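The lines below spell out each chain.
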Amino acid sequence: MPDFSTSLALLTSPAILFFFVGALAAFARSDLSIPEPIAKGLSLYLMLCIGFKGGVEARAAGFNGDFMGAAVIGIALSALMPLLAFAILKRVRNLDRPTLCALAATYGSVSVVTFAAGQQHLVAVGLASGGYMAAVLALMETPAILTALVLLNGAGRGEPGRRRTILREVFVGAASVMLLGSFVVGLISGEAGMARLELFVGPLFQGALCFFLLDIGLIAARRLMEGGRKLTPEIIAFAIGFPLLSAGVALILARLAGLEAGNAALLTILAGSASYIAVPAAMRLAAPKADAGVFVTASLAITFPFNLTLGIALYTAATIWVWA
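Residue numbering note: each chain is counted from 1, following its sequence as written. Reporting of local features is limited, given that this is a predicted model, to residues whose pLDDT is at least 70; pairs of side-chain atoms are given and counted only at 80 or more, and all residues count toward the totals for whole chains, interfaces and linings. Based on all heavy atoms of the structure, the side-chain values leave hydrogens and waters out of the count.

### Looking at the overall build of the protein
In step 1: When helices and strands are counted, the protein shows 14 helices and 0 strands.
In step 2: Elements are defined by DSSP. Helices are runs of H or I of four residues or more, strands are runs of E of two residues or more, and each kind is numbered from the N terminus. Order of helices (α) and strands (β) in the protein, N terminus to C terminus: α-α-α-α-α-α-α-α-α-α-α-α-α-α.
In step 3: Classification of residues uses two cut-offs on accessible area relative to the type maximum, computed with a 1.4 Å probe and protein chains only: under 20% is buried, over 50% is exposed, and between them is partly exposed. Here the protein, with 324 residues, has 54% of them falling under the buried criterion.
In step 4: We call two residues contacting when some pair of their heavy atoms lies within 4.5 Å. Summarising the internal contacts of the protein: among those between residues at least 6 apart in sequence, 91% fall at separations of at least 24.
In step 5: All accessible areas in this document rest on Shrake-Rupley with a 1.4 Å probe, and a residue is counted as covered only by the protein chains that are shown. Per element, the accessible surface of the protein, about 14100 Å² overall, is 65% carbon and sulfur.

Structure follows, in structure tokens:
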């Protein structure tokens, strides 16, 4: 049977504790805040580190069938799960179509920070994952947004004149460029490049992650206080239940594809996450009438804390049990 004791190590890690420090500060109505330029810089730095380390590890391990299997599954999940989310959310009353599409995109796309926390947890339980999973992360961000745009524009709610701008934001946005660009740099430079940047992408990464999660805790709690009334019981149930469903589907597909346990666990963690960076940026252009108080708050204030406290440990334990 899987051992859940390592979930305590995840909850008591400095990065996760700083998330709760930020949340408590917000609930106490502290004036603590992280300036927007610094927060954006931290986001880009974390993506650079994840992508670069992934490229280095991918070069050392070599691309193999596991990578191709994980990539195909990841892209398929990101493209198709929003359709299932859309079908489920259509039953929720008082949910307009732009917000519905934004929610579908949010829960089809992925979270970089959940990926980083998942990596830390897998190290704690002794599960090795391939560096190329950073590339899978990058590949899973975009298809969900494109599916949501099809759902939105297919109903005549979109603005055709803005499609080029929207697609540009999706494909060459900061997150995609930084993740894929740094992955390629790590892939080319390999161990020699890692030797030069080891301090920058290693020990300093942990400190930046703590600072970033402190800011995320502040934002999540404040969004919850501001938009909590908009989160109906149905949406709250969806924000917890749908990630569990997505993770379950990913776990089954990973097992059928014969992925290694570490890669399967990380893919399952990704499938169970929800975007609060890439999707809001795209939806700001594609669906300006979508209510961020619903789709951003659901992801950031409900799903993200759930994954940090229970989800990551649960997905990992399920993978260990299935692969045992």
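### Here we look at the confidence of the model for the protein
In step 1: Each residue gets a pLDDT score, which is the predictor's confidence in that residue and runs from 0 to 100. The share of residues in the protein with pLDDT of 70 or more is 88%, and the mean pLDDT across the chain is 84.
In step 2: Across the protein, element-level confidence peaks in helix α11 (residues 233-257) with a mean pLDDT of 96 and bottoms out in helix α1 (residues 6-11) with 62.

### Quick word on the nonpolar core
In step 1: Put simply, a nonpolar core is a bunch of buried Ala, Val, Leu, Ile, Met, Phe, Trp, Tyr and Cys residues held in one set by side-chain atoms that sit within 4.5 Å of each other. Counting 103 residues, the largest nonpolar core has Ile50, Leu213 and Met283 as its most contacted members.
In step 2: Among the elements that take part in this core, helix α14 (residues 292-323) stands out by supplying 13 residues, more than any other.
In step 3: Listed in part, the 8 residues of the second largest apolar core include Ala25, Ala39, Leu218 and Ala221.

### Some points on the packing of helix α2 (residues 14-27) against α14
In step 1: To define axes, lines are fitted to C-alpha atoms, for helices over the stretch in contact only, and angles between the resulting N-to-C directions are given on a 0 to 180 degree scale. Between α2 and α14, the least distance of the axes is 11 Å, while the angle of their chain directions is 140°. Judged on the interaxial angle alone, α14 and α2 are oblique. For the pair α2 and α14, the crossing hand works out as left-handed. On the side of α2, the interface is formed by Ile16, Phe19 and Phe20, while α14 contributes Phe304, Pro305, Leu308 and Thr309.
In step 2: In terms of residue class, the contact of α2 with α14 is made up of 6 nonpolar, 1 polar and no charged. Note that the term roughly parallel is reserved for angles under 35 degrees, roughly antiparallel for angles over 145, roughly perpendicular for angles of 65 to 115, and oblique for everything else. Throughout, a crossing is termed right-handed when the near helix is turned clockwise from the far one, and left-handed when it is turned anticlockwise from it by less than a right angle. The classification used treats Ala, Val, Leu, Ile, Met, Phe, Trp, Tyr, Cys and Pro as nonpolar, Asp, Glu, Lys and Arg as charged, and all other residues, Gly among them, as polar.

### With respect to the side chain of threonine 303
In step 1: Relative to the helices and strands, threonine 303 is located in helix α14.
In step 2: According to the relative accessible area criterion, threonine 303 is buried, its value standing at 1%.
In step 3: Any pair of nitrogen or oxygen atoms within 3.5 Å is treated as a polar contact; in protein, a donor-acceptor pairing is required on top of that, and neighbouring residues in sequence qualify only through side-chain atoms on both sides. One polar contact links threonine 303 to tyrosine 107, side chain to side chain, over a distance of 2.7 Å.

### Some thoughts on unusual backbone geometry
In step 1: A positive phi is found at arginine 29, a non-glycine position, where the angle reads about 60°.
In step 2: Overall, the relative accessible area of 68% leaves arginine 29 in the exposed class.

### Observations regarding the packing of aromatic side chains
Each aromatic ring pair is specified by the distance between its two centres and by the angle formed by the two planes.
In step 1: Only Phe, Tyr and Trp rings are paired, with Trp represented by its six-membered ring, and only when their centres lie within 6.5 Å; those with planes under 30 degrees apart are stacked, over 60 edge-to-face, the remainder tilted. Using the criterion set out here, one finds 7 aromatic pairs in the structure.
In step 2: Consider the rings of tyrosine 45 and phenylalanine 200, whose centres lie 4.9 Å apart with planes at 80°: the pair is edge-to-face. On the criterion of sequence distance, the pair formed by tyrosine 45 in helix α3 (residues 36-61) and phenylalanine 200 in helix α9 (residues 174-201) is long-range, its members being 155 residues apart.
In step 3: Its relative accessible area of 13% is what places tyrosine 45 among the buried residues.
In step 4: A relative accessible area of 37% means that phenylalanine 200 is categorised as partly exposed.
In step 5: Members of the aromatic cluster, each reached through a chain of ring pairs, are Phe19, Phe20, Tyr276 and Phe304.
In step 6: To sit over a ring, a charge needs its Lys NZ or Arg CZ within 6 Å of the ring centre and within 35 degrees of the ring normal. For lysine 53, the ring lying beneath its charged end belongs to phenylalanine 205, and the centroid distance is 4.2 Å.

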